[in-house]
Amino acid sequence: MFNKNIKLILAFLIIAYAVYQFIEGYIGNGIFLILLSLIFIFLYFRNEIILLAFLRMRKQDMVGTEKWLGKIKNPDAALVKKQQGYYNYLHGIIFSQKNLTQAEKYFKKALKLGLNMDYDVAMAKLSLAGIAMQKRRKREATTLLQEAKKLDKNNMLTDQIKMMQQQMKKI
């Protein structure tokens, strides 16, 4: 895994060499090099380790997800701001099964850094509402549930929200 700035430098150098190839008359080489540089530009915006961690998460492999996330030694240097949000979001999901206090910290940091998809923001707020409910903070849990309900435009979390509201009545 390269630092995010190294990826941009590599892309720039490859594009410069592609221009040189165009000038020399090697059009095929130039086109190939431009396509190669697009890979580094893509990986600048979508970190390869985060993508692999999400693949492990889809398979419900929490240990594998944590292993892939562990390969990112310095998230501030290696990831852009939104990727840092998803890095913390994934850690929050992992720790929600182990340590609720740490999971809450990771989810709050993920929301502060920002997540691209409304569904992810809704899921993070729903998880925070569940943590707040378990810690007997009913008012905070209610507001977080309402925010999650507003963000869930595709009604993918409707059942979980209703279930949490039923549990809140028991508190």
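The following refers to the structure shown. Just so it is clear, the model here is predicted, and its values are computed rather than measured. (Residues numbered from 1 in each chain as written. Predicted model: local features only at pLDDT ≥ 70, side-chain atom pairs only at ≥ 80, totals over all residues. Heavy atoms only, no water.)

Things to note about helix 2 (residues 27–45)
What counts is decided by this rule: Here a helix means four or more residues in a row that DSSP labels H or I, a strand means two or more in a row labelled E, and each is numbered from the N terminus. Take the number of residues in a helix, subtract one, and multiply by 1.5 Å to get its expected span. Note on exposure labels: buried denotes an accessible area under 20% of the residue type's maximum, exposed denotes more than 50%, and partly exposed covers the range between, all computed with a 1.4 Å probe on protein chains only. Directions drawn from the helix axis to the C-beta atoms are what define this arc. Note on contacts: a residue pair is in contact if any heavy atoms of the two residues lie within 4.5 Å.
The end-to-end C-alpha distance of helix 2, which contains 19 residues, comes to 28 Å, matching closely the 27 Å that a straight helix rising 1.5 Å per residue would cover. Along helix 2, the residues that are buried comprise Gly 30, Leu 33, Ser 37, Phe 40 and Tyr 44. Along helix 2, the residues classed as buried sweep out an arc of 75° about the axis, all on the same side. Exposed side chains of helix 2 directed beyond 90 degrees from the buried face belong to Gly 28, Phe 32, Leu 35 and Phe 45. Close packing links the buried residues of helix 2 with helix 1 (4–24) and helix 6 (81–95).

Examining the side chain of Asn 88
Within the secondary structure layout, Asn 88 lies in helix 6. A residue is classified by how much of its surface remains accessible, and Asn 88, at 5% relative accessible area, is buried.

Considerations on the side chain of Lys 7
Note the threshold: For the purposes of these results, a polar contact is taken to be a pair of N or O atoms within 3.5 Å, where, inside protein, one atom must be able to donate a hydrogen and its partner to accept one; residues adjacent in sequence count only when each atom of the pair is a side-chain atom.
Among the structural elements, Lys 7 can be located in helix 1. Residue Lys 7 is classed as buried on the basis of its relative accessible area of 2%. In terms of polar contacts, Lys 7 uses its side chain to reach the side chain of Glu 48, at 3.1 Å.

Concerning helix 3 (residues 48–58)
Within helix 3, the full set of buried residues consists of Glu 48, Ile 49, Ile 50, Ala 53 and Met 57. Structurally, helix 3 contributes buried residues whose contacts are with helix 1, helix 2, helix 4 (62–70) and helix 6. With a side-chain oxygen positioned 2.8 Å from the backbone nitrogen of Ile 49, the residue opening helix 3 is Asn 47. Immediately beyond the C-terminal end of helix 3, within one or two residues, lies Gln 60, with a positive phi of roughly 60°.

So, the nonpolar core
The criterion, for reference: Each nonpolar core is a collection of buried residues, namely Ala, Val, Leu, Ile, Met, Phe, Trp, Tyr and Cys, held together in the definition by side-chain atoms within 4.5 Å.
In this structure, Ile 50, Leu 69, Ile 72, Tyr 89, Phe 107, Leu 126 and Leu 145 are the most contacted members of the largest nonpolar core, which totals 39 residues. If you list the elements that add at least two residues to this core, you get helix 3, helix 4, helix 6, helix 7 (100–113), helix 8 (118–134), helix 9 (138–151) and helix 10 (158–170). With nine residues, the single largest contributor to this core is helix 8. Not counting the four nearest positions on each side in its chain, Leu 145 is found in contact with Leu 126, Ala 129, Ile 161, Met 164, Gln 165 and Met 168. If you look at the next biggest cluster of nonpolar residues, it comprises five residues, including Ala 11, Ile 14, Leu 33 and Phe 40.

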